[in-house]
Amino acid sequence: MNEIRGRVKGGLIGIAYGDAFGMPSEMWTPDRIKETFGKIDSFLPGHPDNVISSKLVRGEVTDDTINSVLVVEMLGENSGNVDPHLFIRKLKQWIAGSAKSAAVVGPSTAKAIALMEEGVPMEETGKMGTTNGGAMKILPIGLKAGSRDGEIDDDRLIEEVVKLCLPTHYTSCAIGAATAIAAGGAAAVGGYKTVEEIYEYMMRMAERGMGYGNPVGGPSIAKRMELGRYFADNYPEEQALKMIYDYVGTGLPSTESVPAAAALFYMAKGNPVLCARYAANIGGDTDTMGAMACGICGAYSKTRHFAEEEIEMLETVNGISFERLTDLLLST
């Protein structure tokens with residue numbers, strides 16, 4: 001249990017670490033990041049010129065971490081199972097009480113909640129949600145799946161992913177992307193020994209996940225993961241990041257930023273601190289890729305790469321306790 005606990009806690013820290021590290025450069029191009037920051041190699045406050053993160057302080061997380069915390073709380077309150085209605089209630093409460101929610105809530109989620117307010121059934125509100133909002137909060141589902149005794153139950157993992165995606169991201173591409181990230185967390189906690197093995201499992205599960213939800217046209221998550229791995233294996237670091245940015249894509253669509261995040265996990269060889277630097281400087285949806293990729297890295301490497309003072313900063317700035325969240329996730 002100590003081994004599993006360390007991996008679950010590492011995954012939760014990784015989500016917040018990558019999110020806060022990538023926050024200052026969110027949705028900027030790599031050229032603008034380089035012109036403004038040179039290279040992001042430490043936690044920074046939001047930049048005044050970034051309309052999304054300008055008001056956020058050093059180490060502050062965005063909706064990626066906040067949604068992930070809500071998922072942990074939902075699991076803790078519902079015997080370790082997904083309840084989409086409970087999650088949406090929690091999400092609405094946060095949106096109503098948070099000054100920064102208007103700046104950071106993604107387009108698919110915002111549209112789905114607006115439809116719910118109009119009385120549209122939850123079974124219909126997510127049928128056009130194709131962005132990465134399903135995947136960015138899904139990692140706790142994978143951490144939970146990997147922490148259970150025995151082998152990972154692939155069917156149950158997909159079922160839980162589909163349920164959480166239902167209200168806001170019930171499309172084949174969004175579910176495939178979310179399944180890939182959840183699978184990464186499950187494999188890292190559940191005993192897969194190498195980054196390569198985890199990556200292969202993520203690709204297999206992404207293919208399965210794309211068979212669910214409202215079918216929409218778009219590229220294969222797994223094939224784009226293959227492309228990202230090729231760049232990581234065959235190009236120097238900076239050129240590999242540029243190739244991932246140019247050819248895989250790092251924008252809001254789940255078919256871009258999710259396979260890109262997976263490639264960053266692979267390229268960093270499971271080191272969340274190195275991965276956070278990759279995500280913050282690559283351009284595009286830097287905070288979300290950081291949250292997903294560094295979360296899987298943290299689950300793989302546990303807490304050993306994180307400096308204690310940085311963990312304390314993340315907890316203090318954001319009012320969260322990684323010990324409490326770990327307890328909650330493992331309590332059922």
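As the structure is a prediction and not an experimental result, all values here were calculated from the model. (Residues numbered from 1 in each chain as written. Predicted model: local features only at pLDDT ≥ 70, side-chain atom pairs only at ≥ 80, totals over all residues. Heavy atoms only, no water.)

Between two packed helices, both the angle of their axes relative to each other and the distance between the axes serve to describe the pair. The contact between helix α12 (residues 221-234) and helix α14 (residues 254-267) brings their axes to 8 Å, and the two run at 40°. Viewed along their axes, α12 and α14 adopt a mutual orientation that is oblique. In the packing of α12 onto α14, the handedness of the crossing is right-handed. When α12 is examined against α14, the residues I221, R224, M225, G228, R229, A232 and D233 are found in contact with a partner set consisting of S254, T255, E256, P259, A262, A263, Y266 and M267. For the contact of α12 with α14, a count of residues per class yields eight nonpolar, three polar and four charged. (Axes fitted to C-alpha atoms, helices over the stretch in contact; angles between N-to-C directions. Helix = DSSP H or I, 4+ residues; strand = E, 2+ residues; numbered from the N terminus. Parallel < 35°, antiparallel > 145°, perpendicular 65-115°, else oblique. Left-handed = near helix turned anticlockwise from the far one by under 90°. Contact = heavy atoms within 4.5 Å. Nonpolar A, V, L, I, M, F, W, Y, C, P; charged D, E, K, R; others polar.)

Time to look at the pattern of salt bridges. Applying the stated criterion to the full structure yields 14 salt bridges. Notably, a salt bridge pairs K302 with E3, separated by 3.1 Å at the nearest N-O pair. Taken together, the positions of K302 in the loop between α16 (286-301) and α17 (308-318) and E3 in helix α1 (residues 2-22) put the pair 299 residues apart, joining distant regions of the chain. Assessed through its relative accessible area of 39%, E3 is described here as partly exposed. (Salt bridge = Lys/Arg side-chain N within 4 Å of Asp/Glu carboxyl O. Buried < 20%, exposed > 50% of the residue type's maximum accessible area, 1.4 Å probe, protein only.)

Although it is not a glycine, S79 adopts a positive phi angle of roughly 55°. Counting through the fold element by element, S79 comes out in the loop between α3 (63-77) and α4 (84-97). Its identity as a non-glycine residue notwithstanding, K269 has a phi of 55°, on the positive side. Inspection of the secondary structure assignment puts K269 in the loop between α14 and α15 (272-282).

Quick look at the packing of helix α10 (residues 172-189) against α14 now. Two elements in contact, α10 and α14, have axes whose closest approach is 9 Å; the angle formed by their N-to-C orientations is 10°. Here α10 is positioned roughly parallel relative to α14, judged by the angle of their axes. Between α10 and α14 the crossing geometry is left-handed. Along its contact with α10, which presents C173, A174, A177 and I181, the element α14 presents S254, T255 and V258. When the residues that make up the contact of α10 with α14 are grouped by side-chain class, the tally is five nonpolar, two polar and no charged.

Here we take up the environment of V189. Position of V189 relative to the elements: it lies in helix α10. Here the alpha-carbon distance between V189 and K302, two residues 113 residues apart in the chain, equals 9.0 Å. The contact partners of V189, leaving out residues within four places of it in the chain, are I4, R7, V8, L143, G146, S147 and A299.

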